[in-house]
2 protein chains.
Amino acid sequence: MNYVTADLTISLDGFVAGPRQSLEHPMGEGTERLHRWQFEQAEENAAEIAAIVEAGAFIMGRNMFGPIRGEWEGDWQGWWDENPPYHAPVYVLTHYPREPLVMQGGTTFYFVTDGVESAMEQARTAAGSASISIGGGADTIRQFLNAGLIDELSLHTSPILLGEGERLFDGVSALALEPLSARSTSLVTHVRYRVTYAR
Amino acid sequence: MNYVTADLTISLDGFVAGPRQSLEHPMGEGTERLHRWQFEQAEENAAEIAAIVEAGAFIMGRNMFGPIRGEWEGDWQGWWDENPPYHAPVYVLTHYPREPLVMQGGTTFYFVTDGVESAMEQARTAAGSASISIGGGADTIRQFLNAGLIDELSLHTSPILLGEGERLFDGVSALALEPLSARSTSLVTHVRYRVTYAR
């Protein structure tokens, strides 16, 4: 079976998205500060940033593809430019069918309307023996955690307090986690966890 | 000014105490699992365990001294045996006055009824140039964080999900934190944070 990973940036008080999500603040207010480690310390965190897009196939939620909810509009590319960083098949969970979207550099977005297990099955077929990465957002990662499908969770903890917003672990249970490695810079603590399921 | 530290064990979902605190479970249900790293991996975590009781003076909350609320009873020693691990003055925050309690090995418990600033002043006098450690529990550490009095917060994160209980950072704000170091074993991730205050 393919090794399944997920990466997520989280505040020290446990939030993965801020309050009042909107088109202007798609991840909620205050979340720019969550991601300072990627933008202001790209070199110092190069290994962790690269690891986020190292997989044979990816699965992501609808909001990770782009901010507009509802029916697809034409050849809309969501957040992405011509050459997304994945360079592999990306399975987007959605309620609305759409033909695959072929981008430059080897990235193709496939739109999956029949749930996480189906997305995983398609990703396994595409990935061969390579790993599969659950690309977010938090609700998608939570669904895969609760389905018992994630082997390794990499948490990038920003040393900030958001105070309110969406918590990663709300409604998640029955996980047994084991730290595999930990490393910090002045803007982030990286911890990789092996996930097993108590069932 | 003395360098002020605090150590706290916290679950991966942010809880420092479990739900339904009682005499049988003074830190709430499920919290035995929080502290496995200290008991089952004492050698592997020897440096971090030793650091918890390395200071020139200590301050702790009433429930950290012992589980019974209300008036003091005779020469009651709370949780502690004849030779507590502090080997230094310990200032216990309480609403009930009591004479100092001299233990073996250099530990003396002083009972402070006039608040955190007073406890800090007495601890500074006693500690000389040595550091001061805020010994817990979480509510006490929160009071000192909110009073702007803590320089370094060491969080020992156990890779478990408690799901409910008391959160360290509820009601704490205006903190700027910077990771100083990170290390993990299979039962814990240790991260030391420098705390500064945005005011």
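Residues numbered from 1 in each chain as written. Chains lettered and ligands numbered in written order. Predicted model: local features only at pLDDT ≥ 70, side-chain atom pairs only at ≥ 80, totals over all residues. Heavy atoms only, no water.

Colleague: Any chance you could explain the pattern of salt bridges here in plain terms?
Modeller: Inspection of every chain in the model, using the stated rule, returns 14 salt bridges over all chains. In this structure, the salt-bridge partner of E48 of chain B is R183 of chain B, at a minimum N-O distance of 2.9 Å. Taken together, the residues span a long stretch of sequence, with E48 of chain B in helix α2 (residues 46-52) and R183 of chain B in strand β10 (residues 175-185) at a distance of 135 residues. Residue E48 of chain B is classed as buried on the basis of its relative accessible area, which comes to 15%. One network of salt bridges, in which partners are shared, links R20, E29 and E164 of chain A. (Salt bridge = Lys/Arg side-chain N within 4 Å of Asp/Glu carboxyl O. Helix = DSSP H or I, 4+ residues; strand = E, 2+ residues; numbered from the N terminus. Buried < 20%, exposed > 50% of the residue type's maximum accessible area, 1.4 Å probe, protein only.)

Colleague: Help me understand the packing of aromatic side chains in this model?
Modeller: Any two aromatic rings considered together are summarised by their centre-to-centre distance and by the angle between their planes. Residue and element names in this part refer to chain A. For the structure on display, the rule yields 20 aromatic pairs over all chains. Between Y91 and Y110, the aromatic rings sit 5.1 Å apart at their centres with planes inclined by 15 degrees, giving stacked as the arrangement. One end of the pair, Y91, is in strand β4 (residues 89-93); the other, Y110, is in strand β6 (residues 108-112), with 19 residues separating them in the sequence. You can call Y91 buried: its relative accessible area is 6%. Aromatic rings pair up to connect F58, F65, W72, W76, W80, Y86, F109 and F111 into one cluster. (Phe/Tyr/Trp six-rings, centres within 6.5 Å; stacked < 30°, edge-to-face > 60°.)

Colleague: Is there a simple way to explain the confidence of the model for chain A in this structure?
Modeller: Atom-level detail of predicted coordinates should not be read off regions where pLDDT is low. Residues and elements named next belong to chain A. Mean pLDDT over chain A: 92, with 97% of residues reaching 70 or higher. By mean pLDDT, the top-scoring element of chain A is strand β3 (residues 57-60) (98), and the lowest-scoring one is helix α3 (residues 62-65) (90). Confidence estimates for the predicted assembly give a pTM of 0.91 and an ipTM of 0.88. (pLDDT = per-residue confidence, 0-100.)

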